[in-house]
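# Summary of the model geometry
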There are 2 protein chains.
Amino acid sequence: MATITETEKDFMDFLKEQNALREAISLIQWDLRTKIPKKGVEQRSEVVGYLAQKLHQMQVSDKMKNFIDELKEQTSDQLIQKSVQECLEIYEKNQKIPENEFKEYVMLQSKSEAVWQDAREKANFSDFQPYLEKLVDFNKKFANYWGYEENIYDALLHNFEPGVTVKTLDEVFPKVRKSLTELLQKIQDSSVKPDTSILTTHFPKKDQKNFSIEILNRMGYDFDAGRLDDTIHPFEITLNLNDVRITTRYDEQDFRMAVFGIIHEAGHALYEQNIDKKLEGTPLASGTSMGIHESQSLFWENFLGRNKVFWESHYDLFKKYAPIEFDKVSVVDFYQAVNEVKPSFIRIEADELTYPLHIMVRYELEKALINGDIEVKELPHLWNEKMVEYLGIKPPTDREGVLQDIHWAGGDFGYFPSYALGYMYAAQFKHKMSETLDVDGIIQSGDFSKIRNWLTENIHQYGKLKKPLDILKDVTGEGLNPDYLVEYLTTKYRNIYQF
Amino acid sequence: MATITETEKDFMDFLKEQNALREAISLIQWDLRTKIPKKGVEQRSEVVGYLAQKLHQMQVSDKMKNFIDELKEQTSDQLIQKSVQECLEIYEKNQKIPENEFKEYVMLQSKSEAVWQDAREKANFSDFQPYLEKLVDFNKKFANYWGYEENIYDALLHNFEPGVTVKTLDEVFPKVRKSLTELLQKIQDSSVKPDTSILTTHFPKKDQKNFSIEILNRMGYDFDAGRLDDTIHPFEITLNLNDVRITTRYDEQDFRMAVFGIIHEAGHALYEQNIDKKLEGTPLASGTSMGIHESQSLFWENFLGRNKVFWESHYDLFKKYAPIEFDKVSVVDFYQAVNEVKPSFIRIEADELTYPLHIMVRYELEKALINGDIEVKELPHLWNEKMVEYLGIKPPTDREGVLQDIHWAGGDFGYFPSYALGYMYAAQFKHKMSETLDVDGIIQSGDFSKIRNWLTENIHQYGKLKKPLDILKDVTGEGLNPDYLVEYLTTKYRNIYQF
């Protein structure tokens, strides 16, 4: 590394200041969702608004522009070079939006979330419709400011999964859908019907938590660099690379919520805890995209947590914490129960196999919205139609339909595909990993460190130093390929449902 | 209220920005002392340093100076006027210190605290001595920058208890000391020896906590505007007026630590929760001084928590949570046990009667240090001498002596007197309150709201709108008067020790 110049040093200091604001904002968000007493929220919201505004001002400041211009071509330090690129992307993305529109949009977002929450409770789409219309209009406008090559929706996809386009998705998703619906048909035709009654046995929170902590320790989640807290909508949040917190919700009538939820969030957390510490203080110190992040959480949740060998080797441990009723259930029956496939209305409660179909419903609709092919007011009807087409069931009300997710209310169009992409990435990584590691053997041993180390070496450590598709290419030697996911699901469910 | 001018509005917005930083810093401090995983601390310290620096820069900025100059004489709004005065005090206090000295001092403080912690553990004063010497030198220099009328130590006292001077303390403290040492002598000569063996009965944390929460509810601590968490060194912290958190430490072998500690911190919290909400966002939205704050915590801890009527009326409730062993102890014996007077080395473990003597040891020494009458290296020896003179006991090592408190390591000279002042204020308030309220009757009823309302009406609501001695005068009609405290202690302990 060449000696750092005065400008480079000033730039890094400027990044550290932004990082301090980012860390303070993250702590406030964590506190807002886990600890804050209810009367404190109103004033705290002002505080976070102020800090976010300060951060935004720094990101689009002339000072930032000058650093970018000065360092873009000149720096020989790779870390600084990548940081400059990242800052340039943020700068351009934000600069292209006129300030008054940005402000109006931020206010619309927070108002819309409140309206959506209320509308969902009442299952009344029409209350939410005018807000959603404005949000769609803003996003179309922004997409045009940002620019795109083929499809306007690509500009929004870029925010969550740079490199992935409508063209790719329109090739990949229908293939996957075809395979999954065929599989689903076979499953529904099968005479195997898992007995799931055990799943709703009363299971005290403390025992769910203690079992989950055993698994977290085996996964290598570092409690000296994180915590586990209760919340309503579970999330992982990174305060800094040595303080990566996870949260969960306990349902004492269904342990799956917390047990699989914790493994999922810990998958996100392992990614962040294992980013190279030399990235700390730069905008590169986080996961590279929503899709790659989801590949990590789904890898652990599904490929480990819903794995047959995992339960064969961990069911005794589980029973140490579980209610006595589980003693009467064999590991085979238990494994089949937690892997039951059954079309359902709510995405976040979907099984492994139908989950991608939920994503495709959303993708098709939001792509059509942004392209102006459909109107917001048609959404409830079209949603239900798609659900029948893809999953064979029709939501009884919009609460279990188009109003279930927060994403659109927050203006997040282009986000949903990441969930399905992450799942496919995870299957690709798993396949690659299996070439050099005896994955099942490692899972059986109860010490998962070799798996974690593989993920760290190939994915985690880079943070945002590599773009998502570059990571995929570097690790697997190919681009997005849905075959591994389809193969995994086919093998797994053929086994369970014996077709 | 006159219509607010453009400048006044801008000023209030500027204050809100500072307040946002203050709130973020407070949340970080709370998290650092209650929740943060250990590896996260290092990076978080940088964040809090950055935010504190930003706040400091705003407080001493030209922008602030311009607001002060423009509004000092002109504003007709009382809230703005008082805010301007407060900002002016902060501005002048900070402006008078050259920037390089300020920076050096801040670094010295944090280094000294670490050195002190280590020195205390090893009971090795000489490691800490050079740092303490520098801290004393800085404080003497700062005191000269700030100015004073009679005694250089007054300039430091002013930071914690504006209006109180060496002249006052040198009149009041010796009187109190004389009375307390006489009382102590009578107690030691008494044949009454409370049996304290019950106090160290194993008492599960959860039960201590549940009893304490019952008391918090009776005190009117608002859990919708606060929380109770675990920590090592208990404290109260205000994030905003609707988020006032308290913390405690549980010793399962001595319930007094948590039970009295929680009442104490809740006394601080009630003060802050009941400040007039219209002060939110200004620098006036906090307790007016260390002394008045301590008057509130000590009022509840001692005048309620160690009160005979309180235990007579609450011992049954206590026994619902306490271990079965307490069933064999009468309320009289219990009351005497928790009020045992016995000279001890550690200030924070001292009983009600000897506590002020601990403060006087510290006051005499720090006053002499700042006046150059003694040298730092003489401290261990002089400390032990004073302890023998005031309390009749000599600490076995400096760990139980001069090294026990963090205050000097943090550069806080002039702070200690607040503890004794607060105690005297509390006795004065209690006396005044008793003229219109049947305090014991209210305590007996289990609903303490009339007491809390009296404190809110007379003290809490004003925040920093009134200076400490103005509050004292407005409430009691007189200045600092130690007679009420002496009278309270005399009556109470004459009763217990029957002299």
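Model, not experiment: these values are computed from the prediction.

## Description of the pairing of strand β3 (residues 243-248) of chain B
Residues and elements named next belong to chain B. Burial runs high along β3: six of the six residues are buried. Relative to β3, strand β1 (residues 228-230) runs parallel, the two sharing three bridges. When the sheet's bridge partners are listed, D230 is paired in β3 with T248. Relative to β3, strand β2 (residues 236-240) runs antiparallel, the two sharing four bridges. Pairing of E236 across the sheet is with I246, part of β3. In this antiparallel pair of consecutive strands, β2 and β3, the connection spans two residues.

## Some thoughts on the domain arrangement of chain A
Residues and elements named next belong to chain A. For chain A, the domain assignment lists domain 1 (6-95) and domain 2 (124-499). Using only C-alpha atoms to locate each centre, domain 1 and domain 2 end up separated by 28 Å. Opposite the 20 residues of domain 1 that make contact, domain 2 presents 23 residues. Between domain 1 and domain 2 lies a buried interface of about 1,900 Å² when both sides are counted; carbon and sulfur atoms form 59% of it. In this structure, K467 engages E89 in a salt bridge whose closest nitrogen and oxygen atoms are separated by 3.1 Å. If you look at where domain 1 meets domain 2, you find six residue pairs in polar contact (both at pLDDT 80 or more). Going through the elements one at a time, α1 (6-34) and α4 (78-95) are the ones with two or more residues in the side of domain 1 that touches domain 2. Of the residues forming the side of domain 1 that touches domain 2, the biggest block, 12 residues, is contributed by α1. Residue composition of the side of domain 1 that touches domain 2, grouped by class: six nonpolar, five polar and nine charged.

## Here we look at the UniProt feature "active site" (unreviewed entry) in chain A
Residue and element names in this part refer to chain A. Here, the residues flagged by UniProt with the feature "active site" (unreviewed entry) are E265. Here E265 lies in helix α10 (residues 256-273). The contacts of E265, once residues within four sequence positions are left out, are P234, F235, E236, I246 and T247.

## Observations regarding unusual backbone geometry
All names here are of chain A. For Q498, which is not glycine, the phi torsion reads 50° and is therefore positive. Structurally, Q498 can be placed in the segment after α20 (483-497). By relative accessible area, Q498 is classed as exposed at 61%.

## Regarding the packing of aromatic side chains
All names here are of chain A. Enumeration according to the criterion identifies 84 aromatic pairs over all chains in this entry. An angle of 55° between the planes, with centres 5.6 Å apart, marks the rings of F138 and F142 as tilted. Of this pair, F138 and F142 are both found in helix α6 (residues 125-146), four residues apart, which corresponds to roughly one turn of the helix. With relative accessibility at 7%, the residue F138 sits in the buried group. The lysine or arginine in question, R33, covers the ring of F235, its NZ or CZ lying 4.2 Å from the ring centre. When the ring centre of Y131 is taken as reference, the NZ or CZ atom of K134 above it lies at 5.7 Å.

## Focus: the interface of chain A and chain B
Contact with chain A, which involves 37 residues of that partner, is made by 37 residues of chain B. For the chain A and chain B pair, buried surface summed over both sides reaches about 2,900 Å², with 57% attributable to carbon and sulfur atoms. Between D224 of chain B and K38 of chain A there is a salt bridge, with the nearest N and O atoms lying 3.8 Å from each other. Our count for the contact surface shared by chain A and chain B stands at 22 residue pairs in polar contact (both at pLDDT 80 or more). Of all the secondary-structure elements, those providing two or more residues to the side of chain A that touches chain B are α1, α2 (41-59), β2 (236-240) and β3 (243-248) of chain A. If you tally residues by element for the side of chain A that touches chain B, the top one is α1 of chain A, at 11 residues. Split by residue class, the side of chain A that touches chain B holds 15 nonpolar, six polar and 16 charged.

## Describing the relation of the copies chain A and chain B
Mapping chain A onto chain B calls for a screw motion: a turn of 180° about the axis and a shift of 0.0 Å along it, with 0.0 Å RMSD after fitting. Look at the turn and shift together and you get a two-fold axis relating the two. Nearest to the rotation axis, the C-alpha of A24 of chain A is located 3.2 Å from it, this being the minimum over chain A. Both copies contact each other with a shared surface, as 100% of the interface residues of chain A are interface residues in chain B too.

## Here's the deal with the sheet that holds β2 of chain B
Residues and elements named next belong to chain B. Taking strand neighbours across the sheet as the criterion, the three strands line up as β1-β3-β2 in an open arrangement whose pairing is mixed. Taken across any chain shown, the strands that pair with only one partner, and hence form the sheet edges, are β1 and β2. Across the sheet, the axes of successive neighbouring strands diverge by a mean angle of 30°, strand direction being ignored. Packed onto the sheet, helix α1 (residues 6-34) meets β1, β2 and β3 and runs at close to 145° relative to β2.

## Thoughts on helix α14 (residues 355-370) of chain B
Residues lying three or four places apart along an α-helix face the same way, a consequence of the helix completing one turn every 3.6 residues. Taking 1.5 Å per residue as the helical rise, α14 of chain B with its 16 residues ought to reach 22 Å, and the 23 Å between its terminal C-alpha atoms agrees with that figure. A positive phi of about 75° marks G372 of chain B, the residue just after α14 of chain B.

## Some thoughts on helix α13 (residues 331-338) of chain A
Of all the residues in α13 of chain A, the buried ones are F334, Y335, Q336, A337 and V338 of chain A. Along its buried surface, α13 of chain A packs onto α10, α12 (308-321) and α20 of chain A.

## A short note on the side chain of Q18 of chain A
All names here are of chain A. Inspection of the secondary structure assignment puts Q18 in helix α1. The exposure class assigned to Q18 is buried, which follows from its relative accessible area of 2%. The contact partners of Q18, leaving out residues within four places of it in the chain, are L55, M58, Q59 and M64.

Each value, and the rule that gives it
- Residues numbered from 1 in each chain as written.
- Chains lettered and ligands numbered in written order.
- Predicted model: local features only at pLDDT ≥ 70, side-chain atom pairs only at ≥ 80, totals over all residues.
- Heavy atoms only, no water.
- Buried < 20%, exposed > 50% of the residue type's maximum accessible area, 1.4 Å probe, protein only.
- Helix = DSSP H or I, 4+ residues; strand = E, 2+ residues; numbered from the N terminus.
- Pairing = 2+ DSSP bridges.
- Domains from an automatic or database assignment.
- Contact = heavy atoms within 4.5 Å.
- Buried area = accessible area lost by both parts, 1.4 Å probe.
- Salt bridge = Lys/Arg side-chain N within 4 Å of Asp/Glu carboxyl O.
- Polar contact = N/O pair within 3.5 Å; in protein donor to acceptor, adjacent residues only side chain to side chain.
- Nonpolar A, V, L, I, M, F, W, Y, C, P; charged D, E, K, R; others polar.
- UniProt positions renumbered as here; feature names shortened; annotations may be inferred.
- Phe/Tyr/Trp six-rings, centres within 6.5 Å; stacked < 30°, edge-to-face > 60°.
- Lys NZ or Arg CZ within 6 Å of the ring centre and 35° of its normal.
- Least-squares fit on C-alpha atoms with pLDDT ≥ 70 in both.
- Axes fitted to C-alpha atoms, helices over the stretch in contact; angles between N-to-C directions.
- Expected span 1.5 Å × (residues − 1).

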